[in-house]
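So the chains spell out like this:
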Amino acid sequence: MKWGKAGYEVPSAPAHPDEGSTSAMSDAITAERAAPGPLLSANAVYDSASDGGASAAARAFTADFLAAAPSVRREPLADERVELAQLVVSELVTNAVRHTVGPCRLLLELRRDTLDISVFDRAAAAPVPRGHDPRRIGQHGLEIVVAVCASLSVEPDPEGKRVRARLTLLPEYADAEPLTDGRPH
């Protein structure tokens, strides 16, 4: 089922693999089926010729996508989570546009408490985070993504690779006890 003019997709059932898979493939598919599918997903393609424009467009696309979250979640997302998602998207799309040839594809998959952000590009080589160096200007993108995301992985893809970051959507201090000064309020 489709939702909205941007083509956000709400899956109605998990995809089923073709028959005849090997046993190792069957095990992987079985494990993947056990994980619930996304509540909402959308993707967009960005061209390397639009360098700075691709990142800005990806940030706007992400904000629009997350604005649709209340339609499939019970509550809207905290502004800080939307801003972090935009930051991660910007860093991953910028890396793909600057360091690979050809277009890249951004895939956003909204789950109950997480957002999976995937960027597909045509280069097989995995990005390498550089060590922390406060004197270095720029090239801190992956360092930032690692710092704010629950996980970051690089997976081979038939046409290159998939860089996937998982961002928690729970407010940063949701589990913290409220601060009190001991006086009745």
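S.K.: Explain the pairing of strand S5 (residues 114–121) to me, please; I cannot follow it from the model alone.
M.R.: Within a regular strand, side chains alternate between the sheet's two faces. In terms of burial, S5 is largely enclosed, as eight of its eight residues are buried. Of the two faces of S5, the one carrying Thr114, Asp116, Ser118 and Phe120 and the one carrying Leu115, Ile117, Val119 and Asp121 are both buried. Direction of pairing for strand S4 (residues 104–110) relative to S5: antiparallel, over a ladder of six bridges. When the bridges of S5 are listed, leucine 107 appears paired with serine 118. The antiparallel hairpin formed by S4 and S5 contains three residues in its connecting segment. Note that S5 and strand S7 (residues 160–168) share eight bridges and pair antiparallel.

S.K.: When you look at the pattern of salt bridges in this model, what are you seeing that I'm missing?
M.R.: A side chain of one charge can pair with a side chain of the opposite charge when the charged atoms of the two come close. Under the criterion given, the structure shown has nine salt bridges. Aspartate 113 is the salt-bridge partner of arginine 112, the closest N and O atoms lying 3.3 Å from each other. Classification of aspartate 113 as partly exposed rests on a relative accessible area of 24%. Close ionic contact of glutamate 155 with arginine 164 constitutes a salt bridge, the shortest N to O distance being 3.1 Å. Note on glutamate 155: relative accessible area 24%, which makes it partly exposed. A network of salt bridges, in which partner residues are shared, links Glu109, Arg111, Asp116, Glu155, Arg162, Arg164 and Arg166.

S.K.: I would appreciate a short explanation of the environment of leucine 66 in the present structure.
M.R.: Within the element layout of this structure, leucine 66 appears in helix H2 (residues 51–67). Sequence spacing of leucine 66 and valine 82 is 16 residues, and the spatial spacing of their C-alpha atoms is 6.9 Å. With residues near it in sequence (within four places) discarded, leucine 66 still touches Leu77, Val82, Ala85, Leu110 and Leu115.

Thresholds applied
Residues numbered from 1 in each chain as written. Predicted model: local features only at pLDDT ≥ 70, side-chain atom pairs only at ≥ 80, totals over all residues. Heavy atoms only, no water. Buried < 20%, exposed > 50% of the residue type's maximum accessible area, 1.4 Å probe, protein only. Helix = DSSP H or I, 4+ residues; strand = E, 2+ residues; numbered from the N terminus. Pairing = 2+ DSSP bridges. Salt bridge = Lys/Arg side-chain N within 4 Å of Asp/Glu carboxyl O. Contact = heavy atoms within 4.5 Å.

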